Amino acid sequence: MVAVVRTAVAIVALAASALAFAQAPLERAVKAAYVYKFLAYVDWPATAFDAPDAPFVIGVLGSEAIADELRQIVAGRSVGERAVQIKRLREGEPATGLHVLFVGRPETARLAALARSLHGQPTLVVSESPGALGAGSTINLVVATDGRVRFEIALDAAEHNGLRLSSRLLALAQSVRPGGP
Amino acid sequence: MLRTVRSIRDKVMYVVLATTFVALVVAAVALVVYETVTYRDATIADLTTQADLIAITSAPALSFNDPAAASENLSMLRVRPGVLAASVYGRGGELFAIYRKPDARAEVPERPEADGARVAGDRIVVQQPIVERGERVGTVYIVAQYELMRRLGNYLVILGAVLVLSLGVAFIVSALMQATVTAPILEVTDVAERVIDQRDFSLRVKRSSDDEVGTLVDAFNAMLAEVGRRADEIEASNRSLQTEMVERRSAEDALRAADRRKDEFLATLAHELRNPLAPLRNGLALLKLASERPDLARDARDMMERQLDQMVRLVDDLLDVSRIATGKLALRRARIDLKDVIAAAVETARPFIAARSHRLEIALPDGPLPLEADATRLAQVFANLLNNAARYTEPGGRITIDAQVEGREVVVRVVDTGIGIDPAMLDRVFELFAQADQSLERPTAGLGVGLTLARALVALHGGAVVARSEGSGKGSEFVVRLPLAARPIATVPESQRQPSGLRSAGHRVLVVDDNRDFASSLAMLLSELGNEVRVANDGAQGLDEAKAFVPQVAFLDIGMPKLNGYRLAEMMRAESALAHTHLVALTGWGQEKDRRAAQDAGFDRHLVKPVKLEQILDILETLPTREGSSAGPRPDAGASSS
C-alpha cells in the first residue's frame, strides 16, 4: 500500500515536471497534427496535382521541430489516394510545388514576401504568428487563453490561391476573415 | 320495436356490432404487436442515425480539439425531447463533450462502453464510433427515453376510443341500413301473424326488394293464394256436403214416411178389399138357399151388385190414382157444359145418398158453364165429393152442391152437415189413404182414395180443390175451382156425334208397329169398321207402305227397329204426297217431353198406350171426309200387303 502511494506520487511529480518543461514540444506536436489534418478540410484545384495519385507536399519553413513532428505523423498515412510528403525548406529555397507552406515563427518576417510570391498559387499558407493573416497567411495558428491551440482563417487569401475551405473547418475557427464577394 | 321483436332485427344488429368489434380488436392487436416490434427497431435506427450525425459533425471538433464545438453539436439534441443525455469521447476514451436534457436524471459514463444499441428498462443507449478518414477519432454516446410502454398505453387508449366510436357509428349505420333488410322480413312476419289471427288468406305482402327476401315474399304470397284457394274449396265442398246431407236426410225422411204410408195403405187396402167379400159370400149362400124364394134371391142379387160396384169403383179409383202418379192418365178434353157434368155426378152418387137418407140440394146458375175439359173425369171428381159427403155425414143429413162463376173461373162447392174435419187435417185429407178417423169404430170407412183422385184430376184440368171445416162435428165444405173456357161452347149437334160408326168408316189407314199382335188386331178392328187398312212391322217397311198407299191416317209406333217412329214421321212429312196424312203416335211414353218430341217430328196426335178403341174412333171421326182424294188416281194397291 505504501509502495503504491509512493509510486503514484512519483509518477504525478514526474508528469508535472514534464509538462512544465515540455510546453513547447506539446504545442509543436499539436500544431503539426493540425497542419496535417487541414488537408482533409481543404479542396485544392485539380491543377495543383500532376496525377490523380500525386502526393500532397507540405513545405515547412523555420521550424525543424514541426517538420519532424509532421514526418512522424504522415508516416504510413495517406489522405485519400494521396500520400503526404514533408519538405524542409532552406532559406532562399523557392516555395514552389507546395500544397501547404508552414511558416514557423522564426520566419515570420518573410511571410509577407512569401505570401506575395505564392499569390495565385494553389498553396495553403499556414502561419503561427499573431497578425499573420494581415501578412497574407490563410490559416494562422494561435494559442488561446486556455492554452489550447486555435486557428484563425482568412478566406480572401484562400480565394486568391484557388482554395476552398470546408465549412466544418470554418466552424472551428476562432475567427474568419471574410473573402471577396 | 327493438324490444318487442327480439329476433332478426336484434340479430342483425348483434352481427354487425360483433363483426365490428372483432375486426377492431384484431386490428388493434396487430397494431400493438407491430408497434412493439417496430418501435424498438425504429427507435434504435433513429438514435443510431442521430449518433452518426453527431459523430460526423463532431469529428472536426475532435480533430482540432474543440470541446466547445462538440458541446454545441451535442446541444442540437435539444430538439429531440426523447434524448436524455449524450456525450462525446475522445480518441483515448476521455470525456470530450457532454449534453444533458434539463431536469432529466440521466448520466453518461466516464468512459465509453461497448459500441451498439441496448435497451435497459425505460432507457435506450446507443454508442457509435466517430471515424475520420477511416480512423477512429472518438465515440458518441446517447441515452434516450425508451417509451414503448407509454406509447402502448397511448395506443390502447386511442384504440379503445376508436373502438367505442366505431361501435357507436356501426350501431347507427346498422340501425339505419338494416331497415332495408329487416323491414321486408318483418312485413312478412306481420302478415303471417294477421293471417293466423284473422284467417284471412286474401292478405298479401308488398314486395319491396329484389333480393332473396323479395323471392321469399313472392313465394309466401303464392303459398297464401294456394292455401286460400284450397281453404275456399274445402269450405265450398263442406257446404255442398252439408246441403247434400240435409237433402239426403229429408229424402230419407220422405222415403220413410212414404214407406210407412205404403204399409198403412196395404193394411187398409186389404181390409177394404175384404169388406165386400163377406156380404158377397153371404149373398152366394142366400142364392143357394133361395131357389124357392124369388124375393130373397132378388135382394141377395141387389146386395151383391152393390158390393161388387163398390169394389169395382175402388179398384178403378186406385188404377186412376196410379195412372195419374205415373203420368199415364190422359184427359180427353172437349168443350163441355159443367152443368151436364154435375148432373151426371149427381146421378152416380144419388143411390148412395139415398141409402144414407140424406137430403140433396142442387143450386146451379141459369146459363151454361163452358169448360175445356174431360167430362167423364170431372163427373168422377164431383161424384167422389158427393159420395164422400154422404159417407161422412150421419144418416139424415143435408148435402148441398152449387156452382157460381167468379171471374174467369167457376166455383163448385159441395157442403155437408157431417162430422167435419179437424183443422189440422184439412190439408191431409187429400193425401192418399188419409183417414179422418183412424179408429176401428168408425162408422163408414172409405179407402182414402176418392179425395186424392179428385184433387189430382182437378189439378190436371188446371184447377184447385180445397177443404174447409169449422171443426169436428160442424160439417165440411169442398170448393173446386176450374178455369172457364174462353169461347162459348160449340153447339155440337147430337146427331153428328151419334153415327160414329158411319164416320169412322171408309178411310185409308196405315198401322206401323213392331208388336205384330197389336198391329194386326187393330187392323182387323178397323177393317171390320169398314176402313181400308195396311200393316207394316218396322219403320222402313212402313215408309215404303206409306209412299205406295198414301193413307189418310197413319198410326205409328215410336220404338221400332231400323227406323223409329220419329224418323219415320219426319220422312213421311218430307213426301209431298203425304203432307196431309194425319199422323198419330202410339207410345208407352206420356211425358210432356215425349209429346213435344212427337210434335217436332211432325205428328198430329200423341196417344199413350194402352189406347182405348174410343180414342182411335174419335180420331177417325174428326178426319175430314176426303171423297175427292179417294176418287183420284191412287198408287197401285197390289204392291202393298195387308
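Before reading further, recall that the structure is shown in the block above.
Here the residue numbering is sequential within each chain, running from 1 through the sequence in written order. Lettering for chains starts from A, numbering for ligands starts from 1, and both go in the order in which the items are written. Residue-level local features of this predicted model are given only where pLDDT is at least 70; pairs of side-chain atoms are given and counted only at 80 or more, and the full residue set underlies all totals for whole chains, interfaces and linings. Values reported for side chains reflect all heavy atoms of the structure, with hydrogen atoms and water molecules removed beforehand.

Lay out a nonpolar patch on the surface in plain terms, naming residues and giving numbers.
Together, Phe21, Val22, Val25, Val26, Val29, Val33 and Val37 of chain B line one region of the surface with nonpolar side chains, adding up to about 570 Å² of accessible area. For Val33 of chain B, the location among the structural elements is in helix H1 (residues 8–63). Here the term patch refers to residues with relative accessible area over 30% and no salt bridge, with like charges joined within 9 Å and nonpolar side chains (Val, Leu, Ile, Met, Phe, Trp, Tyr) within 5 Å. Only the protein chains shown count as cover for residues, and the accessible areas themselves come from Shrake-Rupley with a 1.4 Å probe. Any carboxyl oxygen of Asp or Glu within 4 Å of a side-chain nitrogen of Lys or Arg constitutes a salt bridge here. The helix count covers DSSP runs of H or I at least four residues long, the strand count covers runs of E at least two residues long, and both are numbered beginning at the N terminus.

Tell me about the packing of aromatic side chains, and please be specific about residues and values.
Given two aromatic rings, one states the distance between the centres and the angle between the planes to describe the pair. Stacked, edge-to-face and tilted are the three classes for Phe, Tyr and Trp ring pairs, Trp counted by its six-membered ring, which pair at centre distances within 6.5 Å; planes under 30 degrees apart are stacked, over 60 edge-to-face, the rest tilted. Enumeration according to the criterion identifies 12 aromatic pairs over all chains in this entry. Taking 6.5 Å as the distance between ring centres and 65° as the angle between the ring planes, the aromatic pair formed by Tyr34 of chain A and Phe38 of chain A counts as edge-to-face. Here Phe38 of chain A and Tyr34 of chain A lie together in helix H2 (residues 23–41), a separation of 4 residues that amounts to about one turn. Phe38 of chain A matches Tyr34 of chain A in its accessibility class, with the two residues each being buried. Measuring from ring centre to ring centre gives 5.1 Å for Tyr34 of chain A and Phe64 of chain B, while their planes differ by 85°; the resulting arrangement is edge-to-face. Note that Tyr34 of chain A is positioned in helix H2 and Phe64 of chain B in the loop between H1 and helix H2 (67–75), a pairing that runs across two chains. Relative accessible area decides the class of each residue, using a 1.4 Å probe on protein chains only: under 20% of the type maximum gives buried, over 50% gives exposed, and in between gives partly exposed. Assessed through its relative accessible area of 3%, Tyr34 of chain A is described here as buried. Through successive ring pairs, a cluster of aromatic residues spans Tyr34, Phe38, Tyr41 and Phe151 of chain A together with Phe64 of chain B.

Please give an account of the interface of chain A and chain B that cites residues and values.
We call two residues in contact whenever any of their non-hydrogen atoms come within 4.5 Å of each other. Taken together, the contacts link 14 residues of chain A with 14 residues of chain B. Buried area: the accessible area, evaluated with a 1.4 Å probe, that two parts lose upon being put together, summed over both parts. Both sides of the chain A and chain B interface together cover about 1200 Å² of buried area, and 51% of this is carbon and sulfur. When residues of chain A are sorted by the area they lose upon contact with chain B, Arg148, Arg168 and Leu172 of chain A head the list and together hold 40% of the total. Joining chain A to chain B, the criterion identifies 2 salt bridges. Two residues, Arg77 of chain A and Glu135 of chain B, come together in a salt bridge whose shortest N-O distance is 3.2 Å. We define a polar contact as two N or O atoms separated by no more than 3.5 Å, with the added condition that, inside protein, one atom must be a possible hydrogen donor and the other a possible acceptor, whereas residues neighbouring each other in sequence contribute only through side-chain atom pairs. Here chain A is connected to chain B by 9 residue pairs in polar contact (both at pLDDT 80 or more). For the side of chain A that touches chain B, the secondary structure elements donating two or more residues are H2, strand S8 (149–154) and helix H6 (167–172) of chain A. Sort the elements by how many residues they give to the side of chain A that touches chain B and H2 of chain A lands first, with 6 residues.

So what about the sheet that holds strand S9 (residues 398–406) of chain B? Which residues, and what values?
Paired through backbone hydrogen bonds, the strands of a sheet run either parallel or antiparallel to each other. Residues and elements named next belong to chain B. Spatially, S7-S9-S10-S12-S11 is the arrangement adopted by the 5 strands of the open sheet, whose pairing is mixed. Strands with a single pairing partner mark the edges of an open sheet, and in this sheet they are strand S7 (359–363) and strand S11 (464–469). Averaged over all adjacent pairs, the angle separating strand axes in this sheet is 15°, with direction ignored. Every axis corresponds to a line fitted to the C-alpha atoms, with the helix fit spanning only the stretch in contact, and the corresponding angles, defined between N-to-C directions, vary from 0 to 180 degrees. Taken strand by strand, helix H8 (residues 375–391) contacts S7, S9, strand S10 (409–416) and strand S12 (476–483), and its axis lies near 170° from that of S12. Most of the contacts of helix H9 (residues 450–460) go to S12, to which it runs at about 25°, and overall it touches S11 and S12. Any two strands between which DSSP finds at least two bridges are classified as paired.

I'd like a rundown of the sheet that holds strand S13 (residues 508–512) of chain B, residues and numbers included.
Residues and elements named next belong to chain B. In spatial order, the strands read S14-S13-S15-S16-S17; together these 5 strands make up an open sheet with parallel pairing. Each edge of the open sheet carries a strand with a single partner, namely strand S14 (532–536) and strand S17 (605–608). Looking at each pair of strands side by side, their axes are set apart by 20° on average, direction ignored. Bridging between S13 and strand S15 (residues 553–557) involves 4 bridges; their strand directions are parallel.

Which residues make up the pattern of salt bridges, and what values do they have?
Counted by the stated rule, this structure contains 46 salt bridges over all chains. Between Arg105 of chain A and Glu27 of chain A there is a salt bridge, with the nearest N and O atoms lying 3.9 Å from each other. Here Arg105 of chain A, found in the loop between strand S5 (100–103) and helix H4 (108–117), pairs with Glu27 of chain A, found in helix H2; they are 78 residues apart in sequence, far enough to count as distant. When its relative accessible area of 22% is taken as the criterion, Glu27 of chain A is described as partly exposed. Salt-bridge contacts for Glu107 of chain B lead to Arg100 of chain B; the nearest nitrogen and oxygen are separated by 3.0 Å. Here Arg100 of chain B falls in the partly exposed class, since its relative accessible area comes to 41%. When salt bridges with common partners are traced through the structure, they connect Glu27, Lys31, Arg105 and Glu128 of chain A into a single cluster.

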